Amino acid sequence: IPFGVFHLPKDQYGEIYTGSLGNIYPKYVVEYLETARRNGTKVMLSLPSGESNFKNSNKSFSMSKWKDQVNRFRGVDFSSYIEDGTVIGHYILDEPHDPENWGGRLISPATIDEMARYSKQLWPTMPTIVRSWPKYLKGYDYKYLDAAWAQYSERHGTVKEFIEENVRLARESGLALVVGMNQLAGGSSKGLRGYYSGRYSMSASELESWGSVLLDNSYPCAFLSWQYNAKYMGRSDIKAAMTRLAGKARSHATKSCRGARAGEPEDSEDSEEPEDSEPPADIPEPPANQPEPPVVQPEPSSSIRLSVAGESDRKRHFMKLTWSGAAGSKVDVYRNGVLRKTTENDGKYTNVRSHVGAATYAYKVCERGSSRCSDEVQLTVR
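Every chain's residues receive numbers from 1 upward, in the order its sequence appears when written. Since the coordinates come from a predicted model, pLDDT governs what is reported: local features require at least 70, and pairs of side-chain atoms require 80 or more to be given and counted, while whole-chain, interface and lining totals use all residues. Working from all heavy atoms in the structure, the side-chain values ignore hydrogens and water.

Undergrad: Is there a simple way to think about the state of the cysteines in this case?
TA: Disulfide: a covalent bond formed between the sulfur atoms of two cysteine residues. The term disulfide is used for any two cysteine sulfur atoms that are within 2.5 Å. Under the criterion given, the structure shown has 2 disulfides. The side chain of cysteine 221 participates in a disulfide bridge whose partner is cysteine 257; the two sulfur atoms lie 2.0 Å from each other. Taking the sign of the S-S torsion, 95° for the link of cysteine 221 and cysteine 257, the bridge is right-handed. In this pair, cysteine 221 sits in the loop between helix H7 (204-216) and strand E10 (222-225) while cysteine 257 sits in the loop between helix H9 (236-251) and helix H10 (260-263), placing the two residues 36 residues apart along the sequence. Between the sulfur of cysteine 366 and that of cysteine 373 lies a disulfide, 1.9 Å long from S to S. Its S-S torsion of approximately 100° makes the covalent link between cysteine 366 and cysteine 373 right-handed. Given a relative accessible area of 13%, cysteine 373 falls into the buried group. Cysteine pairing for the protein, with bonded cysteines counted in sequence order: 1-2, 3-4. Secondary structure elements follow DSSP: runs of H or I no shorter than four residues count as helices, runs of E no shorter than two count as strands, and numbering proceeds from the N terminus. Working definition: with a 1.4 Å probe on protein chains only, accessible area under 20% of the residue-type maximum means buried, over 50% means exposed, and in between means partly exposed.

Take a look at the structure:
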């Protein structure tokens, strides 16, 4: 699993560290991800960047400002890095459970899931991750959030009990789990001088001992600690401990940071075949003595004309879209108001959905990143 720290300089990708979290400007994100890919490192992206960018004047959370920050990346194509796993996921928010961060107010699980929904609307296959305790997140039926976070400090008690409780609570909520340590301020009084006054950095022995217990658990999907510090991580004893932990992370079973619902589509009410999986060469012929599937061809208000035909087999629905009149090399395909796929503007795309029984769909095709779209086309597949 990815092993590293927040804000790791890219010249250290791949030597010891195989994971990082980065606040990266849109114009640099592809360069960073390409460096990570080339060096075998995976990156969690903080697209909203610093909290001050999405707070109201009273320091409370602003959803509209948060969306504005995320929207800066709409014109950046990093989809190949999501698909090959170079991107661990989208780090949507830090510590919603701490009212001191948000003008005295908590950010609710419902709001967190709405943020995850917005992210999935733009990047359907990118896992959504919040840096918050599974204990705070429990009790809500998440449809879009993929992963919680558990960061260990000595003050949280024994590390074995800590990881067991957080894994249990994450499982109960259907969430994956990122782990890590507060290496700069979470040590005991036997540690090193800490990042904050009155706190201690973890010693090399604490780092290795506690980190090993976290990595012995098979459930976590990534190990990212707070945070990079050249002086601390340049110490020979710390570097040696990190190297040994990196070896454990490399031998840990590979895990996706997708939540349980995303990983088990057969249990999901709206599960999907992978969007890049090969659909049948042609939509299957309907059963004998049955009418042809409906083809809906409305008169669009823009020059983009869309037609949709539907069919099903025992387990899947196949919706074949054909269009004309769209400009640009790629188009955005929306289903029921949610962006499902950015695909080549070659006039055809088949959406495959795992589903048994009847379902009604509404599709539209838009020029990539724009509001210039076809009229919405509805059809029912049985």
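The discussion continues.
Undergrad: How should the pattern of salt bridges be read in this particular structure?
TA: When the charged atoms of two side chains with opposite charge come close together, those side chains can pair. We define a salt bridge as a contact between a side-chain nitrogen of Lys or Arg and a carboxyl oxygen of Asp or Glu at a distance within 4 Å. Scanning all chains against the criterion turns up 22 salt bridges. With a shortest N-O distance of 4.0 Å, lysine 239 and glutamate 15 are connected by a salt bridge. Linking lysine 239 in helix H9 with glutamate 15 in the loop between strand E1 (3-6) and strand E2 (19-22), this pair joins segments that are 224 residues apart in sequence. On the accessibility criterion, glutamate 15 (58% relative accessible area) is exposed. Among the ionic pairs, arginine 368 bridges to aspartate 77, the shortest N-O distance being 3.8 Å. Highlighted residues: arginine 368 in the loop between strand E17 (359-367) and strand E18 (377-381) and aspartate 77 in the loop between helix H2 (63-71) and helix H3 (79-83), separated in sequence by 291 residues.

Undergrad: Teacher, can you tell me more about the packing of aromatic side chains here?
TA: Two measures describe an aromatic ring pair: the distance that separates the ring centres and the angle between the ring planes. Classification of ring pairs rests on two measures: the distance between centres of Phe, Tyr or Trp rings, Trp counted by its six-membered ring, which must be within 6.5 Å, and the angle between planes, read as stacked under 30 degrees, edge-to-face over 60 and tilted in between. Evaluated as defined, the whole model comprises 16 aromatic pairs. Measuring from ring centre to ring centre gives 5.6 Å for tyrosine 91 and tryptophan 149, while their planes differ by 75°; the resulting arrangement is edge-to-face. Taken as a pair, tyrosine 91 in strand E4 (residues 87-94) and tryptophan 149 in strand E6 (residues 147-152) lie far apart in primary sequence, 58 residues in all. Residue classification places tryptophan 149 among the buried residues on the basis of a relative accessible area of 2%. Ring geometry for tyrosine 361 versus tyrosine 363: centroids 6.2 Å apart, planes at 45°, classification tilted. When its relative accessible area of 1% is taken as the criterion, tyrosine 361 is described as buried. Accessibility expressed as a relative area gives 1% for tyrosine 363, which makes it buried. Taken together through their ring pairs, the aromatic side chains of Trp133, Tyr152, Phe162 and Trp210 make up a single cluster. Over the ring of tyrosine 32 we find lysine 10, and its NZ or CZ is 4.6 Å from the ring centre. Of note, lysine 55 hangs over the ring of tryptophan 102, and the distance from its end group to the ring centre comes to 5.1 Å. For a ring to carry a charge above it, either NZ of a lysine or CZ of an arginine must fall within 6 Å of the ring centroid while also lying within 35 degrees of the normal to the ring plane.

Undergrad: Looking at this structure, how should I read the confidence of the model for the protein?
TA: Interpretation of the predicted coordinates at a detailed level should be avoided for regions scoring low in pLDDT. Scored between 0 and 100, pLDDT is the confidence that the predictor attaches to each residue. Here the protein averages 87 in pLDDT, while 88% of its residues score no lower than 70. Only heavy atoms matter for contacts: two residues are in contact if any of them lie within 4.5 Å across the pair. Note on residues 262-301: pLDDT is under 50 here. Beyond four places in sequence and across chains, it has 66 contacts.

Undergrad: Would you mind going over the packing of H2 against helix H4 (residues 109-122) with me for this structure?
TA: Relative orientation and spacing of two packed helices are given, respectively, by the angle between their axes and the distance between those axes. Comment: axis = line fitted to C-alpha atoms, over the contacting stretch for helices; angle = value between 0 and 180 degrees taken between N-to-C directions. Close contact between H2 and H4 brings their axes to 11 Å; oriented N to C, the two are set at 25°. Between H2 and H4, the angle falls in the class roughly parallel. Of the two possible hands of crossing, H2 and H4 adopt the one that is right-handed. Residues Met63, Trp66, Lys67, Val70 and Asn71 of H2 form the contact with H4, whose own contacting residues are Thr111, Glu114, Met115, Tyr118 and Leu122. Residues are grouped as follows: nonpolar covers Ala, Val, Leu, Ile, Met, Phe, Trp, Tyr, Cys and Pro; charged covers Asp, Glu, Lys and Arg; every other residue, Gly included, is treated as polar. Residue composition of the contact of H2 with H4, grouped by class: 6 nonpolar, 2 polar and 2 charged. Oblique is the label for any angle not covered by the other classes, which are roughly parallel (under 35 degrees), roughly antiparallel (over 145) and roughly perpendicular (65 to 115). Handedness of a crossing is defined here by the sense of rotation of the near helix relative to the far one, left-handed for an anticlockwise turn of less than a right angle and right-handed for a clockwise turn.

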